[in-house]
Amino acid sequence: DKAPLSKSLLLVPSAISILLTLLFQHYQKFFAYNLQAIKEDFQIWRIFCGRTICLDLKDTFCSSLLIYNFRIFERRYGSRKFSSFLLGAWMLSALFDLLLVEITEYMFGITINSLPSGFLGPVFALFVPFYSSIPRVQVTQVLGHFSITNKTLVYILGLQLLTSGSYIWILALSGLVSGICYNSNILKVHRILCVPSWVAKIFSWTLEPLFSSAEPTNEVRVGMGATVDIQRQQRMELLDRQIMMSQVAQMRRQRQQQGGMINWNRLFPPLRHRHNANYQDHRPSEQDTPPPTEISEEQVARLMEMGFSRGDALEALRASNNDLNVATNFLLQH
């Protein structure tokens with residue numbers, strides 16, 4: 001829901017890639033990212049064909065999973081802004097591909113005639129906003145030292161995609177650099193490489209009805225301080241929610257072993273009822289109220305980016321002693 005562009009990028013290139021691999025193998029040559037043909041024969045059309053459709057099913061599978069996970073940016077920014085980012089990253093990464101190939105040939109004497117094909121540059125570019133704007137929430141630990149977060153699976157998929165080809169590191173590096181350039185406010189690239197409003201309207205009238213999904217009507221709102229979109233995303237990511245619940249249970253067991261159990265209701269009174277008159281009767285006494293804690297505005301901003309209100313973020317951080325992980329876990333579960 002509310003991610004038609006992500007759905008189209010997930011379905012159309014994947015379907016074409018499967019057809020080219022299984023049924024129309026003799027047409028694969030037209031979608032090869034052949035740099036020699038581009039530079040010597042001026043086959044500029046290969047830049048578009050070779051940087052859109054994957055010819056390796058493993059790359060198709062990994063990039064599709066990454067696009068599915070990155071659909072949160074389309075829901076957050078809107079389809080036009082998300083498509084502008086993809087367009088700018090695609091154009092910049094095409095330029096950086098050629099530059100990196102020339103630098104590699106000049107410094108190491110390695111001649112690179114072709115690169116892995118597919119929509120890989122923009123996919124790697126999306127790791128830049130994913131790293132900078134999506135909060136990192138620890139959900140569990142492995143062997144007591146290695147933390148597993150809500151972002152670990154996405155990084156593992158990116159690493160798998162990075163190691164799938166010999167020269168795919170060039171596409172990854174050019175994608176990351178283009179993502180940094182487009183995301184930077186200094187270069188102002190986002191003002192130049194953007195989708196015009198009239199183009200966005202044409203696609204919204206023609207293609208969006210084909211890939212849009214109806215809003216679910218059988219959902220029951222849960223009492224948490226997030227928006228309905230964030231709540232729906234949490235339901236769709238059932239596995240992540242189960243991991244978070246197990247993390248809360250593990251924290252409680254650890255507190256029990258240390259001699260005391262976390263009293264969530266005492267530390268975090270139900271935020272959605274804080275204006276209710278019944279809540280006034282159960283307000284903790286002054287002896288149980290923790291001392292005032294200086295709240296970090298950065299932590300508040302990160303919680304607000306997840307969809308929580310500023311009041312809920314402040315109250316959760318204040319009660320958790322400005323611990324982002326504890327506050328996020330509570331807000332997600334209540």
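What counts as what
- Chains are numbered independently. Their residues run from 1 in the order of the written sequence.
- Totals for whole chains, interfaces and linings use every residue, but because this is a predicted model, local features are given only for residues with pLDDT of at least 70 and side-chain atom pairs only at 80 or more, for both listing and counting.
- For the side-chain quantities, the full set of heavy atoms in the structure was used; hydrogens and water were omitted.
- UniProt positions are given in the numbering used here, feature names are shortened, and annotations may be inferred rather than shown by experiment.
- Two aromatic rings from Phe, Tyr or Trp, using only the six-membered ring of Trp, form a pair when their centres are within 6.5 Å; if the ring planes differ by under 30 degrees the pair is stacked, by over 60 it is edge-to-face, and anything between is tilted.
- A helix here means a DSSP run of H or I that spans at least four residues, while a strand means a run of E at least two residues long, and both kinds are numbered starting from the N terminus.
- Burial status follows relative accessibility: with a 1.4 Å probe on protein chains alone, a residue under 20% of its type maximum counts as buried, one over 50% as exposed, and anything between as partly exposed.
- Here, a charge over a ring is recorded when the distance from Lys NZ or Arg CZ to the ring centre is within 6 Å and its angle to the ring normal is within 35 degrees.
- In this analysis, the protein atoms alone were mapped onto a 1 Å grid. Cavities are point sets where a 1.4 Å probe fits without being able to get out; pockets are open sets with protein on both sides within 12 Å along at least five of seven lines; lining residues have an atom within 4 Å of a point.
- Grid points are joined across faces, edges and corners, and a volume is the space filled by probe spheres set on the points.
- What makes a salt bridge here is a side-chain nitrogen of Lys or Arg within 4 Å of a carboxyl oxygen of Asp or Glu, nothing more.
- Note on contacts: a residue pair is in contact if any heavy atoms of the two residues lie within 4.5 Å.
- Distance and chemistry together define a polar contact, namely a pair of N or O atoms within 3.5 Å, with one atom able to donate a hydrogen and the other to accept it when in protein, and with adjacent residues in sequence counting only for side-chain atoms on both sides.
- To define axes, lines are fitted to C-alpha atoms, for helices over the stretch in contact only, and angles between the resulting N-to-C directions are given on a 0 to 180 degree scale.
- Reported orientations rely on four angle classes, namely roughly parallel under 35 degrees, roughly antiparallel over 145, roughly perpendicular from 65 to 115, and oblique for the rest.
- Two helices crossing with the near one rotated counterclockwise from the far one by less than a right angle form a left-handed crossing, whereas a clockwise rotation gives a right-handed crossing.
- Amino acids outside the nonpolar list (Ala, Val, Leu, Ile, Met, Phe, Trp, Tyr, Cys, Pro) and the charged list (Asp, Glu, Lys, Arg) are all regarded as polar, and Gly is one of them.
- Residues belong to a common nonpolar core when they are buried Ala, Val, Leu, Ile, Met, Phe, Trp, Tyr or Cys residues joined through side-chain atoms within 4.5 Å.
- Charged residues are defined here as Lys and Arg on the positive side and Asp and Glu on the negative side; His and the ends of the chain fall outside this count.

- In the nomenclature of an unreviewed UniProt entry, the protein chain corresponds to Ubiquitin-associated domain-containing protein 2 from the organism Glareola pratincola.
- Entered under Subcellular location (unreviewed entry) in the UniProt record, the comment concerning the protein chain runs "Membrane".

### So, the packing of aromatic side chains
Line of reasoning, step 1. This structure, assessed with the given rule, holds 13 aromatic pairs.
Line of reasoning, step 2. Relative to Trp 45, the ring of Phe 30 lies with its centre 6.5 Å away and its plane at 40 degrees, an arrangement referred to as tilted. Of the two residues, Phe 30 sits in the loop between helix 1 (4-22) and strand 1 (33-34) while Trp 45 sits in helix 3 (residues 45-50), which places them 15 residues apart along the sequence.
Line of reasoning, step 3. For the pair Phe 73 and Tyr 77, a centre-to-centre distance of 6.1 Å together with 15 degrees between the ring planes defines the contact as stacked. With Phe 73 and Tyr 77 both in helix 5 (residues 71-77) and 4 residues apart, the pair spans about one turn of that helix.
Line of reasoning, step 4. The exposure class of Phe 73 is buried, given its relative accessible area of 1%.
Line of reasoning, step 5. For Tyr 77, a relative accessible area of 34% corresponds to the partly exposed category.
Line of reasoning, step 6. When the ring centre of Phe 130 is taken as reference, the NZ or CZ atom of Lys 151 above it lies at 5.0 Å.

### Remarks on empty space enclosed by the protein
Line of reasoning, step 1. What the rule picks out here adds up to 1 cavity of 30 Å³ or more.
Line of reasoning, step 2. The space that makes up the largest cavity amounts to roughly 110 Å³.
Line of reasoning, step 3. Forming the walls of the largest cavity are 13 residues, and the residues nearest its centre are Leu 9, Pro 13, Thr 52, Ser 63 and Phe 119.

### Some remarks on the pattern of salt bridges
Line of reasoning, step 1. The tally for this structure, following the rule as stated, stands at 3 salt bridges.
Line of reasoning, step 2. The residue Lys 39 makes a salt bridge to Glu 102 at a minimum N-O spacing of 3.3 Å. Pair noted here: Lys 39 is in helix 2 (residues 35-40) and Glu 102 is in helix 6 (residues 79-108), with a separation of 63 residues, a long-range link.
Line of reasoning, step 3. The exposure class assigned to Lys 39 is partly exposed, which follows from its relative accessible area of 35%.

### Some points on the environment of Ser 117
Line of reasoning, step 1. Take Ser 117: it is sitting in the loop between strand 2 (114-115) and helix 7 (120-125).
Line of reasoning, step 2. On a C-alpha basis, the gap between Ser 117 and Thr 52 in space is 7.0 Å, while along the polypeptide they are 65 residues apart.
Line of reasoning, step 3. Leaving out residues up to four positions away in the same chain, Ser 117 has contacts with Phe 31, Tyr 33, Gly 50, Ile 53, Cys 54 and Leu 55.
Line of reasoning, step 4. Engagement of the side chain of Ser 117 in a polar contact is seen with the backbone oxygen of Ile 53, the distance being 3.3 Å.

### Some thoughts on the packing of helix 6 against helix 10 (residues 168-183)
Line of reasoning, step 1. At a minimum axis separation of 7 Å, helix 6 and helix 10 run at an interaxial angle of 130 degrees. Judged on the interaxial angle alone, helix 10 and helix 6 are oblique. Note on packing geometry: the crossing formed by helix 6 with helix 10 is right-handed. Across the interface between the two elements, Ser 84, Phe 85, Gly 88, Ala 89, Leu 92, Ser 93, Phe 96, Asp 97, Leu 100, Val 101 and Thr 104 of helix 6 pack against Trp 169, Ile 170, Leu 171, Leu 173, Ser 174, Gly 175, Val 177, Ser 178, Gly 179, Cys 181, Tyr 182 and Asn 183 of helix 10.
Line of reasoning, step 2. Taken together, the residues of the contact of helix 6 with helix 10 break down into 13 nonpolar, 9 polar and 1 charged.

### Side note on the UniProt feature "transmembrane region" (unreviewed entry) in the protein chain
Line of reasoning, step 1. Per the UniProt record, "transmembrane region" (unreviewed entry) is found at residues 6-24, 82-100, 106-131 and 152-177.
Line of reasoning, step 2. Between the first and last C-alpha atoms of residues 6-24 the distance is 25 Å; the span itself is 89% helix and 0% strand.
Line of reasoning, step 3. Within residues 106-131, the helical portion is 54% and the strand portion 8%, while the C-alpha atoms at the span's ends are 32 Å from each other.

### Concerning the nonpolar core
Line of reasoning, step 1. Formed by 44 residues in total, the largest nonpolar core has its most connected members in Leu 66, Phe 70, Phe 73, Leu 115 and Leu 161.
Line of reasoning, step 2. Only helix 2, helix 4 (57-69), helix 5, helix 6, helix 7, helix 8 (127-133), helix 9 (152-162) and helix 10 provide two or more residues apiece to this core.
Line of reasoning, step 3. The greatest single-element share of this core, amounting to 10 residues, is contributed by helix 6.
Line of reasoning, step 4. Not counting residues up to four positions away in its chain, the partners in contact with Phe 70 are Phe 82, Val 123, Leu 126, Phe 127, Phe 130 and Val 154.

### Here we look at the packing of helix 4 against helix 9
Line of reasoning, step 1. Here helix 4 crosses helix 9 at 150 degrees, and the two axes come no closer than 9 Å. On the basis of the axis angle, helix 4 is roughly antiparallel to helix 9. For the crossing formed where helix 4 meets helix 9, the hand is left-handed. Mapping the contact onto sequence places Asp 59, Cys 62, Leu 65, Leu 66 and Asn 69 in helix 4 and Val 154, Leu 157, Gly 158, Gln 160 and Leu 161 in helix 9.
Line of reasoning, step 2. The residue inventory of the contact of helix 4 with helix 9, partitioned by class, reads 6 nonpolar, 3 polar and 1 charged.

### Description of the side chain of Asp 59
Line of reasoning, step 1. Here Asp 59 lies in helix 4.
Line of reasoning, step 2. Lacking a salt bridge, the buried Asp 59 has Lys 58 as its closest oppositely charged neighbour, with an N-O distance of 6.1 Å.
Line of reasoning, step 3. A polar side-chain atom of Asp 59 sits 2.7 Å from a polar atom in the side chain of Ser 164.
Line of reasoning, step 4. When near neighbours in sequence (up to four residues on either side) are disregarded, Asp 59 contacts Cys 54, Leu 161, Ser 164 and Ile 168.

### Thoughts on the side chain of Thr 149
Line of reasoning, step 1. In this structure, Thr 149 sits in strand 4 (residues 146-149).
Line of reasoning, step 2. The contacts of Thr 149, once residues within four sequence positions are left out, are Arg 136, Val 137, Gln 138 and Val 139.

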